[in-house]
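# An overview of the molecular structure
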Amino acid sequence: MIDFQSTKKIEAFLADAGAGDRPTPYLVLDMESVAVRFERMRDALPISDFYYAVKANPGAPVLRRLVGLGAGFDVASIPEIEACLAAGAAPNKLSYGNTIKKETDIAQARRLGVDLFAFDSAAELAKIAKLAPGAKVFCRIAQDNEGARWPLAGKFGCSEVEAAELLLSASSQGLQGTGLSFHVGSQQLDSARWSDALHAAGRVSTRLRAQGRTIEWLNMGGGFPVEYRDPVSGLDEIATVIEKGVSSAFGASAPRLAFEPGRIVVAEAGIIRSTVVLTADRDTNGGGRWVYLDIGRFSGLAETLDEAICYRLRTNKDGSAKLISKIAGPTCDGQDILYERRHYKLPADLQAGDIVDIFASGAYTTSYSTVGFNGFAPLVTYYI
Ligand SMILES: *Cc1c(COP(=O)(O)O)cnc(C)c1O
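In what follows, the accompanying structure is described. Quick caveat: nothing in here was measured; it's all calculated off a predicted structure.

The next point concerns the packing of helix 2 (residues 31–44) against helix 9 (residues 235–250). One can describe the packing of helix 2 onto helix 9 by two numbers: an axis separation of 10 Å at closest approach and a directional angle of 35°. Pair helix 2 / helix 9 crosses with right-handed handedness. Two secondary-structure elements touch here, helix 2 through Arg-40, Met-41 and Ala-44 and helix 9 through Leu-235, Asp-236 and Ala-239. Grouping the amino acids of the contact of helix 2 with helix 9 by side-chain chemistry returns four nonpolar, no polar and two charged.

Set out below in structure tokens:
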């Protein structure tokens, strides 16, 4: 059966003659699907600049494909900068979006030609002024991430009042301080969050206008949700929320809009194939049936932490009667449990050697895989 989150190319790869010889687990990423998703998103949104969040999937073929489509890149470290440059990105297409940077990294980024830096504190701003004089900077404001399955809040962002002060201070330190950013949290399920964030940005803009300055550039971070097990708001719905939010928060003086999509570009372009290692009916720890896979929390499925991201699963025995199952990874670590509360149902006759495919797993999997915890290899990717 071909699922809507798969593609003919992925299904053909999973079924081809060599499939049995490929050790699992592995991720298959359909590059055409990455390109289609990026273009669809770019067409649907009223936004000018797109910076792909490299951490979602830093694979060289992904970066090269997105360079070819004219994307920019949101980078967080020197290795991410180098990966983008190696893939052919121009340095002026890179946004150093991490607000926590070593001085040596700011200096190195500048040497590599990067000219756009994020900050959210006075001390970080001072570092940029010292090591990248004259650069363009943007200030990240704190934003409520309620509704996000994978929040990116708490350790980031300043208040609206401080943002206005810091942006004024940026110009007096010789920087081009004209930008603002926020992130509503990754896998954001409540589209109202974009509206709230746009109004917060609008209030910072009003404060600056009182001082004769304007916000010229607004970076709206990422956060677009992907359909894992449950339906989510579509691109069009969120595009409408953004359009309305921009016009009510900024009126006629709307800034140029940027966006840093990660998950939505790559998640649904990939499927992980894994194999069942063991099934056991246990009478300990509340009892129940456990299914152990050859992939776990430490080899790519980090986002199952707190069962935050619930992937859709497919097995080679999906026609059989199903049993509620607890699902875990193969390592000797008690935290290496994927799902024990979310009531996943798997075929009752599933056993060692059977196949479990994990849908929409192209984002935040290879990049979160450990280098070899317990000797289990980092997640392999086939780019097709
Ligand atoms: C992780 C991250 C993104 C991407 O978020 P998604 O939810 O994957 O779209 C964008 N911007 C910043 C600053 C990030 O840290």
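Moving on: unusual backbone geometry. Cis geometry marks the peptide bond from Thr-24 to Pro-25; its omega dihedral reads 0°. With respect to the helices and strands, the residue Pro-25 is situated in the loop between helix 1 (8–15) and strand 1 (26–29). The residue Asn-285 is not glycine, and still its phi comes out positive at about 50°. Unusually for a residue other than glycine, Ala-360 sits at a positive phi of about 50°.

The next subject is the packing of aromatic side chains. Within this structure, the stated rule accounts for 17 aromatic pairs. Centre to centre, the rings of Tyr-51 and Trp-217 are 6.1 Å apart; their planes meet at 85°, and the pair counts as edge-to-face. Of this pair, Tyr-51 sits in strand 2 (residues 49–53) while Trp-217 is found in strand 10 (residues 217–219), placing the two residues 166 residues apart along the sequence. When the ring of Trp-194 is compared with that of Phe-224, the centres are 5.3 Å apart and the planes differ by 80°; the resulting orientation is edge-to-face. Of this pair, Trp-194 sits in helix 8 (residues 192–209) while Phe-224 sits in the loop between strand 10 and helix 9, and the two are 30 residues apart along the sequence. Phe-224 matches Trp-194 in its accessibility class, with the two residues each being buried. Ring pairs connect the aromatic residues Phe-38, Phe-50, Trp-194, Phe-224 and Phe-259, which therefore count as one cluster. Positioned above the aromatic ring of Tyr-382 is the side chain of Arg-22, whose terminal nitrogen or guanidinium carbon lies 5.7 Å from the ring centre. Over the ring of Tyr-96 we find Lys-101; its NZ or CZ atom is 5.5 Å from the centre of that ring.

This next bit is on the site of the ligand. Surveying the vicinity of the ligand reveals 14 residues, the closest of which are Lys-55, Ser-186, Glu-260, Arg-263 and Tyr-364. In the model, an oxygen atom of the ligand is placed 2.7 Å from a nitrogen or oxygen of the Lys-55 side chain. Between the ligand and the protein, one listed contact pairs an oxygen atom with a backbone N or O atom of Gly-262 at 2.9 Å. In isolation the ligand exposes 390 Å². Once the protein is present, 92% of that is buried.

Quick notes on the rules
Residues numbered from 1 in each chain as written. Predicted model: local features only at pLDDT ≥ 70, side-chain atom pairs only at ≥ 80, totals over all residues. Heavy atoms only, no water. Axes fitted to C-alpha atoms, helices over the stretch in contact; angles between N-to-C directions. Helix = DSSP H or I, 4+ residues; strand = E, 2+ residues; numbered from the N terminus. Left-handed = near helix turned anticlockwise from the far one by under 90°. Contact = heavy atoms within 4.5 Å. Nonpolar A, V, L, I, M, F, W, Y, C, P; charged D, E, K, R; others polar. Phe/Tyr/Trp six-rings, centres within 6.5 Å; stacked < 30°, edge-to-face > 60°. Buried < 20%, exposed > 50% of the residue type's maximum accessible area, 1.4 Å probe, protein only. Lys NZ or Arg CZ within 6 Å of the ring centre and 35° of its normal. Near = heavy atom within 4 Å. Polar contact = N/O pair within 3.5 Å; in protein donor to acceptor, adjacent residues only side chain to side chain. Areas by Shrake-Rupley, 256 points an atom, 1.4 Å probe, with all protein chains shown as cover.

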